[in-house]
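Architecture and fold: a report
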Amino acid sequence: MSTVIKGGTIVAADRTYEADILIEGEKIAAIGDNLAGDNTLDADGAYIIPGGIDPHTHLEMPFMGTTAAETWESGTFAALSGGTTTVVDFVIPGPEGMIAALDAWEERAQRQASSDYSLHMCVNGWSQKHFEEMAEVVGRGINTFKHFMAYKGALMVNDDEMFASFQRCAALGALPLVHAENGDIIAALQQKYLALGTTGPEAHAFSRPPEVEGEATNRAIMIADAAGVPVYIVHTSCEQAHEAIRRARQKGMRVYGEPLIQHLTLDESEYFNPDWDYSARRVMSPPFRDKSHQDSLWAGLAAGSLQVVATDHCAFTTEQKRTGVKDFTKIPNGTGGLEDRLPVLWTKGVETGRLTPNEFVAVTSTNIARILNIYPQKGAILPGSDADLVVFDPKLTKKISAASQKSIIDYNVFEGVEVKGLPRYTLSRGEVVWSHGKNDQPRPGRGRLVKRPAFPAVNKALSTWKELVAPRPVVRSAEHMPIGV
Ligand SMILES: NC(=O)NCCC(=O)O
Ligand SMILES: [Zn+2]
Ligand SMILES: [Zn+2]
């Protein structure tokens, strides 16, 4: 069975052109003029872009004494309806270790996911078991390991643990990811605000100022440099963190930065709303910043010092958020955005001229496909690539509303935002999984695990250079040594 997408304008990260796309089975078979197939999809007046890849989600994540309410079923349906065809979720090891957690994550995803998915592994301690399991994890198709520098007493790792893990990543050809906030300072500031009686959600932002993110980002980058490994900083939210990334890149370090659609478009005034529920629903880490930071993030995307726009989709219900009604440190951290990332970024980015359509494609799919080593299977419109495609109609509009969303939770942080530009169709491996105006849910379980092989090139280049410039002992002949000592 073949399908032709006709009449659209293909927007790739590197160029824009008009052509038909022929899909055979799950793959793009040909791109050209006047192609024919068994079925035709009309893309007249629309752009055809690679399906979005969201590299940062937490579906059903056990966290802060509860579990994120968004399931693999609801979350991946939300993703597809918004033009995201692959999500990459974080496996959090429990006491049984990485492999047991990986089995559990894969089981949940396999049963429920309607989009394709991939997984990152979190490193939340250090031991011989961690060292050994990391190799097994890479063997199972995971080439990224996440480290939390925040959440003291829970997920946080210290510098020595991070350095050990980064060195292991270097040896395995894996990429470390980092949640960069100084967990020690945050813990102290949290106690300070509680002692002052500032217990509301605004204190979440007060206790996590941009400096704690800037410091940790710089530290993570320097530790990665010492370990001889590239590093990817998740949810980069402020100028201080962006500055550290920019500076490192200018020095030739392989450092990547990932702003979220929330940080690009929502600011800290969200925490000053008189309605406690409203503000608590927006509690996430790092918190929303003032607008000057948004300008920095947008500039970074345009200039290439930041590469990816993600969501960190970690959705809790209002009831779950209320656990922290008397103490902001107990409000489960996380917001949603999977369904809205592409339309909001198009509206606030492309429609305003902050991004070109090609830059939009780069930061929503192509760049991350390259960083995660799944390009051109994903993130590309090329013969042989997976037919993960979005027929994106720049004229379709909607007002974002929790009442009509696919996400399971009872609110939306983008409530009331008018978006212009929506998927007319979303295709996942050649199957139409979303048609605007139909609302049909694709079959849970149709999604497939995307395995990601280790990176041979960058890590090899870094270790070759490190070895070349490594300190060498000075060999001294007897005549240059002190006599009689
Ligand atoms: N970001 C957030 O607040 N929650 C999810 C866990 C994390 O990524 O830090
Ligand atoms: Zn995080
Ligand atoms: Zn996260």
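Going by an unreviewed UniProt entry, the protein chain carries the name Dihydropyrimidinase and comes from Labrys monachus. UniProt, in the comment section headed Cofactor (unreviewed entry), describes the protein chain in these words: "Zn(2+)". Quoted verbatim from the Sequence similarities (unreviewed entry) field of UniProt, the annotation for the protein chain is "Belongs to the metallo-dependent hydrolases superfamily. Hydantoinase/dihydropyrimidinase family."

Once that is clear, we can look at the sheet that holds strand β2 (residues 9–11). With respect to topology, six strands assemble into an open sheet ordered β3-β2-β7-β17-β18-β19, the strand pairing being mixed. The sheet terminates laterally at β3 (16–18) and β19 (431–435), the two strands that pair on one side only. Pairs of neighbouring strands in the sheet enclose a mean axial angle of 35°, with direction left out of account. The pairing of strand β18 (residues 418–428) with β19 spans four bridges and is antiparallel. Among the inter-strand pairings, T426 is bridged to a residue of β19, identified as W434. Against the sheet, helix α13 (residues 341–350) engages β7 (47–50), β17 (389–399) and β18, with an angle of about 135° to β18. Against the sheet, helix α14 (residues 357–371) makes contact with β2, β3 and β7, and its axis sits at roughly 30° relative to β7, the strand it touches most.

Along the chain, H120 falls in strand β12 (residues 116–122). At 2.7 Å, the side chain of H120 and the side chain of T144 are in polar contact. Once residues within four sequence positions are removed from consideration, H120 is found in contact with P55, V88, D89, F90, V91, I142, T144, L177, L372 and R452.

Around the zinc ion (ligand 3), the protein contributes the donor atoms H56 (NE2), H58 (NE2) and D312 (OD), which lie 2.0 to 2.2 Å from the metal centre. Taken together, the four donor atoms coordinating the zinc ion (ligand 3) span angles of 84 to 139° at the metal, a pattern that classifies the geometry as irregular. Summarised as a motif, the one-chain spacing of the donors to the zinc ion (ligand 3) is H-x1-H-x253-D. The distance between the zinc ion (ligand 3) and the zinc ion (ligand 2) is 3.6 Å. Linking H56 in strand β8 (residues 52–57) with D312 in the loop between α11 (291–303) and α12 (318–321), this pair joins segments that are 256 residues apart in sequence.

Moving on to the pairing of strand β4 (residues 20–24). The element β4 is extensively covered by neighbouring structure, given that four of its five residues are classed as buried. Bridge count for strand β1 (residues 2–6) against β4 is four bridges, and the pairing is antiparallel. Bridge assignment links T3 to a residue of β4, and that residue is I23. Where β4 meets strand β5 (residues 27–32), five bridges bridge the pair, whose relative direction is antiparallel. Paired with I23 across the two strands is I28, which belongs to β5. In sequence, β4 turns back onto β5 through a hairpin of two residues, with G25 there showing a positive phi of about 60°.

Protein-derived ligands of the zinc ion (ligand 2) are H179 (ND1) and H235 (NE2), with the metal-ligand distances lying across 2.1 Å. Coordination at the zinc ion (ligand 2) comes from four donor atoms whose angles at the metal span 57 to 147°, giving a geometry best classed as irregular.

The next subject is the packing of helix α1 (residues 72–81) against helix α2 (residues 98–112). Between α1 and α2, the least distance of the axes is 8 Å, while the angle of their chain directions is 60°. One element, α1, and the other, α2, form an angle in the oblique class. For the crossing formed where α1 meets α2, the hand is right-handed. Facing α1, whose interface residues are W72, E73 and T76, α2 presents W105, R108, A109 and Q112. Its residues assigned to classes, the contact of α1 with α2 shows three nonpolar, two polar and two charged.

Rules of the game
Residues numbered from 1 in each chain as written. Chains lettered and ligands numbered in written order. Predicted model: local features only at pLDDT ≥ 70, side-chain atom pairs only at ≥ 80, totals over all residues. Heavy atoms only, no water. UniProt positions renumbered as here; feature names shortened; annotations may be inferred. Pairing = 2+ DSSP bridges. Helix = DSSP H or I, 4+ residues; strand = E, 2+ residues; numbered from the N terminus. Axes fitted to C-alpha atoms, helices over the stretch in contact; angles between N-to-C directions. Contact = heavy atoms within 4.5 Å. Polar contact = N/O pair within 3.5 Å; in protein donor to acceptor, adjacent residues only side chain to side chain. Donors = N, O, S within 2.8 Å, 3.2 Å for Na, K, Ca; no water. Tetrahedral: all angles 85-135°; square planar, octahedral: opposite > 155°, others 65-115°. Buried < 20%, exposed > 50% of the residue type's maximum accessible area, 1.4 Å probe, protein only. Parallel < 35°, antiparallel > 145°, perpendicular 65-115°, else oblique. Left-handed = near helix turned anticlockwise from the far one by under 90°. Nonpolar A, V, L, I, M, F, W, Y, C, P; charged D, E, K, R; others polar.

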